[in-house]
Amino acid sequence: MGRLSALFDPETVAVVGATDREGAVGRAILENLRDGFDGEVVPINPSRETVLGLECYEDATSAPPIDLAVVVVPPDIVIEAIRDVADAGTENVVVITAGFSETGGEGAERERRLREIAAEHDLNVVGPNSLGIMATENGMNATFGPEDAREGSISFMSQSGAFITAVLDWANEQGIGFRDVVSLGNKTVLDETDFVREWGSDPNTDVIIGYLEDIDDGQGFLEAAREVTADTPIVLVKSGRTDAGAQAASSHTGAIAGSERAYEAGLEQAGVLRARSVQELFDSARALAGLPEPESDGVAVVTNAGGPGVLTTDAVGDSTLEMASFADETIDRLAAAMPDEANVYNPIDAIGDADVERFGEALEIALEDPNVGSAVVVAAPTAVLSYDDLAETVIEKLETHDTPVVTCLMGGKRARDAEATLRESGIPNYFDPSRAVSGLDALARFRDIRERTVDEPATFDVDRERAREILARTKRRDDNRLGVESMELLEAYGIPTPRSEIVDDPDRAREVAESIEGDVVMKIVSPDISHKSDIGGVRVGVSDADVADTYEDVVARARNYQPDATIVGVQIQEMLDLEASTETIVGMNRDPQFGPLVLFGLGGIFVEILEDTSVRVAPFGEAEAREMVDEIQAAPLLRGARGREPADIDGVVETIQRLSQLVTDFPSILELDINPLVAGPDGVQAIDLRLTVDPDDLDTTDP
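Everything numeric in this text was worked out from a predicted model, so none of it was measured.

Notes on the layout of surface pockets
Of the pockets and cavities examined, the second largest pocket occupies roughly 520 Å³. At the level of secondary structure, the elements contributing two or more residues to the lining of the second largest pocket comprise β13 (234–238), α9 (252–270), β14 (273–275), α10 (278–290), α11 (306–318) and α16 (433–451). In terms of residues, the lining of the second largest pocket owes the most to one element, α16, which gives six residues. Classifying every residue of the lining of the second largest pocket by side-chain character gives four nonpolar, seven polar and twelve charged.

Points about the side chain of Ser-130
Tracing the backbone shows Ser-130 in the loop between β7 (124–126) and β8 (132–135). We classify Ser-130 as buried; its relative accessible area is 3%. Here Ser-130 is in contact with Val-94, Val-95, Ile-96, Phe-144, Ser-183 and Gly-185, once residues within four sequence places are set aside.

A word on the confidence of the model for the chain
Note that predicted coordinates carrying low pLDDT should not be read in detail. Here the chain shows a mean pLDDT of 92. Residues at 70 or above account for 95%. Taken as a whole, residues 254–258 scores under 50 in pLDDT and shows 16 contacts with residues more than four places along the chain or in a different chain.

Topic: the packing of helix α12 (residues 328–337) against helix α13 (residues 356–367)
Relative to each other, α12 and α13 sit at 170°, their axes nearing to 10 Å. By the angle between their axes, α12 is roughly antiparallel relative to α13. In this structure, α12 uses Thr-330, Arg-333, Leu-334 and Ala-337 to contact α13, whose residues at the interface are Glu-361, Ala-362 and Ile-365. Among the residues forming the contact of α12 with α13, the class breakdown is four nonpolar, one polar and two charged.

Things to note about the packing of helix α22 (residues 622–631) against helix α24 (residues 649–665)
Relative orientation of the contacting elements α22 and α24 amounts to 120°, with a least axis distance of 9 Å. When the interaxial angle is binned, α22 and α24 end up oblique. Note on packing geometry: the crossing formed by α22 with α24 is right-handed. Mapping the contact onto sequence places Glu-622, Ala-625, Arg-626, Met-628 and Val-629 in α22 and Ile-649, Asp-650, Val-652, Val-653, Ile-656 and Gln-657 in α24. The class makeup of the residues in the contact of α22 with α24 is seven nonpolar, one polar and three charged.

Things to note about the environment of Asp-349
Mapping Asp-349 onto the fold places it in strand β17 (residues 348–349). Classification of Asp-349 by relative accessible area gives buried; the value is 18%. Ignoring any residue separated from it by four or fewer positions in sequence, one finds Asp-349 in contact with Thr-303, Asn-304, Ala-305, Gly-306, Ala-342 and Asn-343.

Section: the sheet that holds strand β21 (residues 500–503)
In spatial order, the strands read β21-β24-β22-β23; together these four strands make up an open sheet with antiparallel pairing. At either margin of the open sheet sits one strand with a lone partner, and together these are β21 and β23 (538–542). Averaged over all pairs of adjacent strands, the angle between strand axes in this sheet comes to 20°, irrespective of strand direction. Inspection of the sheet shows strand β22 (residues 520–525) paired to strand β24 (residues 569–574) by six bridges, in the antiparallel sense. When the sheet's bridge partners are listed, Val-520 is paired in β24 with Glu-574.

Notes on a negative patch on the surface
Among the surface-exposed residues, Asp-388, Asp-389, Glu-392 and Asp-417 lie close enough to one another that they form a single negatively charged patch. Considering each element in turn, the negative patch owes the most residues, three residues, to helix α14 (residues 387–401). Looking at the secondary structure, you find Asp-388 in helix α14. Residue Asp-388 is classed as partly exposed on the basis of its relative accessible area, which comes to 36%.

Remarks on empty space enclosed by the protein
Tallied over the full model, the rule gives one cavity of 30 Å³ or more. Quantified by volume, the largest cavity comes out at close to 150 Å³. Together, 20 residues line the largest cavity, and Leu-482, Gly-483, Pro-527, Arg-690 and Leu-691 are the ones closest to its centre. Among the elements that make up the lining of the largest cavity, the one with the highest residue count is strand β30 (residues 689–693) (four residues). Taken together, the residues that form the lining of the largest cavity break down as nine nonpolar, five polar and six charged.

Description of the pattern of salt bridges
Tallied over the full model, the rule gives 48 salt bridges. Notably, a salt bridge pairs Arg-464 with Asp-665, separated by 3.2 Å at the nearest N-O pair. Linking Arg-464 in helix α17 (residues 464–471) with Asp-665 in helix α24, this pair joins segments that are 201 residues apart in sequence. Using a relative accessible area of 11% as the deciding quantity, one classes Asp-665 as buried. Through salt bridges with shared partners, a single ionic network connects Lys-187, Glu-192, Asp-214 and Asp-216.

Points about unusual backbone geometry
Between Gly-127 and the following residue, Pro-128, the backbone shows a cis peptide bond with an omega angle of 0°. Residue position: Pro-128 is located in the loop between β7 and β8. A cis geometry characterises the amide bond from Asn-675 onward to Pro-676, with omega recorded as 5°. Tracing the backbone through its elements, the reader meets Pro-676 in strand β28 (residues 669–680). We note that Asp-122 has phi near 55°; this positive angle belongs to a residue other than glycine. Structurally, Asp-122 is set in the loop between α4 (105–121) and β7. For Asp-122, a relative accessible area of 62% corresponds to the exposed category.

Rules behind the numbers
Residues numbered from 1 in each chain as written. Predicted model: local features only at pLDDT ≥ 70, side-chain atom pairs only at ≥ 80, totals over all residues. Heavy atoms only, no water. 1 Å grid on protein atoms, 1.4 Å probe; cavity = no way out; pocket = protein on both sides within 12 Å on 5 of 7 lines; lining within 4 Å. Points joined across faces, edges and corners; volume = space filled by probe spheres on them. Helix = DSSP H or I, 4+ residues; strand = E, 2+ residues; numbered from the N terminus. Nonpolar A, V, L, I, M, F, W, Y, C, P; charged D, E, K, R; others polar. Buried < 20%, exposed > 50% of the residue type's maximum accessible area, 1.4 Å probe, protein only. Contact = heavy atoms within 4.5 Å. pLDDT = per-residue confidence, 0-100. Axes fitted to C-alpha atoms, helices over the stretch in contact; angles between N-to-C directions. Parallel < 35°, antiparallel > 145°, perpendicular 65-115°, else oblique. Left-handed = near helix turned anticlockwise from the far one by under 90°. Pairing = 2+ DSSP bridges. Patch = residues over 30% accessible without salt bridge, like charges linked within 9 Å, V, L, I, M, F, W, Y side chains within 5 Å. Areas by Shrake-Rupley, 256 points an atom, 1.4 Å probe, with all protein chains shown as cover. Salt bridge = Lys/Arg side-chain N within 4 Å of Asp/Glu carboxyl O. Lys, Arg positive; Asp, Glu negative; His and termini not counted. Charge placed at Lys NZ, Arg CZ, Asp CG, Glu CD.

This is the structure:
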């Protein structure tokens, strides 16, 4: 068990602010504890001698030793109450009281003081603004909710107390049990990462589930979840999806990524299974809590009804699973065992008059097929089929073969007793075939998470000091943006760039162009102009004779387009052969929760139109960088589609890794775009660069 074990297994729980007043939260919590908790319950209230028949104490220092204090006093005396329990030697505190940062300035100041006291006394604090916590093993319901949780092996955290009360009411009706339940509240001290670590070390927690609106420390959560999901599955519903982060971003990467993409990438990298709904959350949890992992993705379907069998097949097609292809021996055995009218291919239709014996024989044969990793039994009620007997048969087959089986016993009251029997053996029953498949899908996805290896980020030999000098240029500018004039930043980190120079007069432009073999590319250089090509600020294939006139033209176009724009100059750049190359983008947007979010995709003018991109939270290793390349729809272009010569994908992968190292090394880089990064058969070249820097952060955090 972890450092929070005493939070869920106290011998003595005190309710600070206990009262016998009808309708009071302090009374509801005390009643819940008095009626179910195995240990001692201690009311604390200086105005009472007894509360609900229990001896009441003036303060924590006069009470017996307290393992857990539940604070439910008015907000203006919460700090005093916490200091009192801390002085009494209590380390674990749940603050039910609201009126903290969620209410504005005064509440935020109160929350800051709470955080300071917790740090001073090394307290484990849940809340404030929390419904409370539960631990079913010892009957502890330290909440003011109306329902006790059933005992089980699922540990559950929620950022919404109301969500917990609603879920417990539903879960009790469904027969779903929990081990620990936590209402996170404002997460002033303990947050989702702390409970992931605690439950990950708890041998009696089979699945961790949660409802989250945000994650405070994305990098810390990612690290913790990666460790925990090596053994224990985590399934989360994450609400609050919004485009606000994307709308506020100024770079291509920021506009495309946004906060939701960061959560999506971060949770995926952490090995967390993300549910799209509360129903999916519990469908997944029920399967993960009671069933073995499938050895393969092949699913066998056994049914007595053609329509539901087809629905199940469709659901498998929509998942990461596949319909198992039966071996010839399996088909021969099924043909011998089933009526002539039956379908012996997958899905197996044992037809409408199938009894329990026929169902059991079909399931037995299917589970013995080497291509079957899991099975779904889908049954419609008939006069010749006993659901109770079918449940016993399914349990027997699962125990014999140790292969996950879920059921879809369609119907109402007829299925209730059978459902309870299945549940006792860890087999979930679902009314909808698609939900049954979703449960199996979660098992297969978690198996893949457990089997994957996460390689360490590469550390390249780079010139950090040179990079720092370039980033520090923002201190001498009116804004914090840098562009192609800072291409040396990429060179300092080993990212190839074509030969180029930025000039500020037409004569020098001609000199530079003459020193470069062949025609050149000319680009206006301005931190204020994002879409240079749209205003005629980019010219390709300019001969030496035309360089001076082109210089004047692109500068004039830029000034006409945006008179107040800062014009740094014009870049004269070596022209690359793009005929056999693909324009890609590599970029970064710093997410408030997860940190550097690295993006790769199709670049050039198509980046915002097609949005064919993949993202990862940095830092990451080669395998994830390669996955980023493989994930985009345009990946065949890089591999050499339609006779094209393949691009240097290894060069692209290395560039992504070098950018990951750069933005990890320098937290002051807020946004960065390399667009395009030209990928051709002979390597990669970064053609254009834009980035935004926090110069103050450069002083305090960067290496």
